[in-house]
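# Per-entry structural report
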Amino acid sequence: MLTRRDVFQAIADPTRREIIELVSRQSLNLNGIAANFEVSRPAISQHIKILTECGLIVIKKQGRERYCEARLQPLSEVSEWAEQYRKRWAERFEALDQVVDELKRMRTIRRRKK
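Residues numbered from 1 in each chain as written. Predicted model: local features only at pLDDT ≥ 70, side-chain atom pairs only at ≥ 80, totals over all residues. Heavy atoms only, no water.

Now for the packing of aromatic side chains. Throughout the structure, instances matching the rule amount to three aromatic pairs. Taken together, a centroid distance of 5.8 Å and an interplanar angle of 40° make the contact between Trp89 and Phe93 tilted. Of this pair, Trp89 and Phe93 both sit in helix 5 (residues 75-113), separated by four residues, roughly a single helical turn. The exposure class assigned to Phe93 is partly exposed, which follows from its relative accessible area of 49%. (Phe/Tyr/Trp six-rings, centres within 6.5 Å; stacked < 30°, edge-to-face > 60°. Helix = DSSP H or I, 4+ residues; strand = E, 2+ residues; numbered from the N terminus. Buried < 20%, exposed > 50% of the residue type's maximum accessible area, 1.4 Å probe, protein only.)

In structure tokens:
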């Protein structure tokens, strides 16, 4: 069975998110990445495979070593998806702020009448 890979699947796992963070700062070989985790190297290799299939990491060969480099452009898809919700929540919070301001104004008016 062929598994569909996308950027959302890649970032769904905390280990993969941490791997992305690590290689976004500098290129690392598989051992360098694995040294940051308490899981087996084969498990890290599987995470790297998924990240590569999703286009978030490219592997470049330098001599006998293979270095992982981050390609963060695919994360723009996540950003665009999340933006619609950020806008919606910003509108809701703005409406809530207006209600709270109106309640404060009404309370102030009531206090003055007493």
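Attention now goes to the pattern of salt bridges. Considering all chains together, one arrives at six salt bridges under this definition. Residue Arg25 pairs with Glu21 through a salt bridge whose shortest N-O separation is 3.2 Å. A residue pair is termed a helical-turn pair when its members lie 3 or 4 positions apart in one helix, as Arg25 and Glu21 do in helix 2 (residues 14-25) at four residues. Note on Glu21: relative accessible area 42%, which makes it partly exposed. Here Glu83 and Arg86 are joined by a salt bridge, their closest N and O atoms 2.7 Å apart. With Glu83 and Arg86 both in helix 5, this residue pair falls three residues apart, about one helical turn. (Salt bridge = Lys/Arg side-chain N within 4 Å of Asp/Glu carboxyl O.)

A separate point is the environment of Val58. The residue Val58 is located in strand 2 (residues 57-62) in this model. Sequence spacing of Val58 and Ile48 is 10 residues, and the spatial spacing of their C-alpha atoms is 9.2 Å. If we ignore the near neighbours within four places in the chain, the residues touching Val58 are Tyr67, Cys68, Glu69 and Arg71. (Contact = heavy atoms within 4.5 Å.)

All right, on to the environment of Glu65 then. Mapped onto the fold, Glu65 is located in strand 3 (residues 65-70). According to the relative accessible area criterion, Glu65 is partly exposed, its value standing at 34%. Residues Glu65 and Thr108, spaced 43 residues apart in sequence, show a C-alpha to C-alpha distance of 71 Å. The residues touching Glu65, leaving out its near neighbours within four places in the chain, are Asn29 and Lys60. At a separation of 3.0 Å, a polar atom in the side chain of Glu65 contacts the side chain of Asn29. (Polar contact = N/O pair within 3.5 Å; in protein donor to acceptor, adjacent residues only side chain to side chain.)

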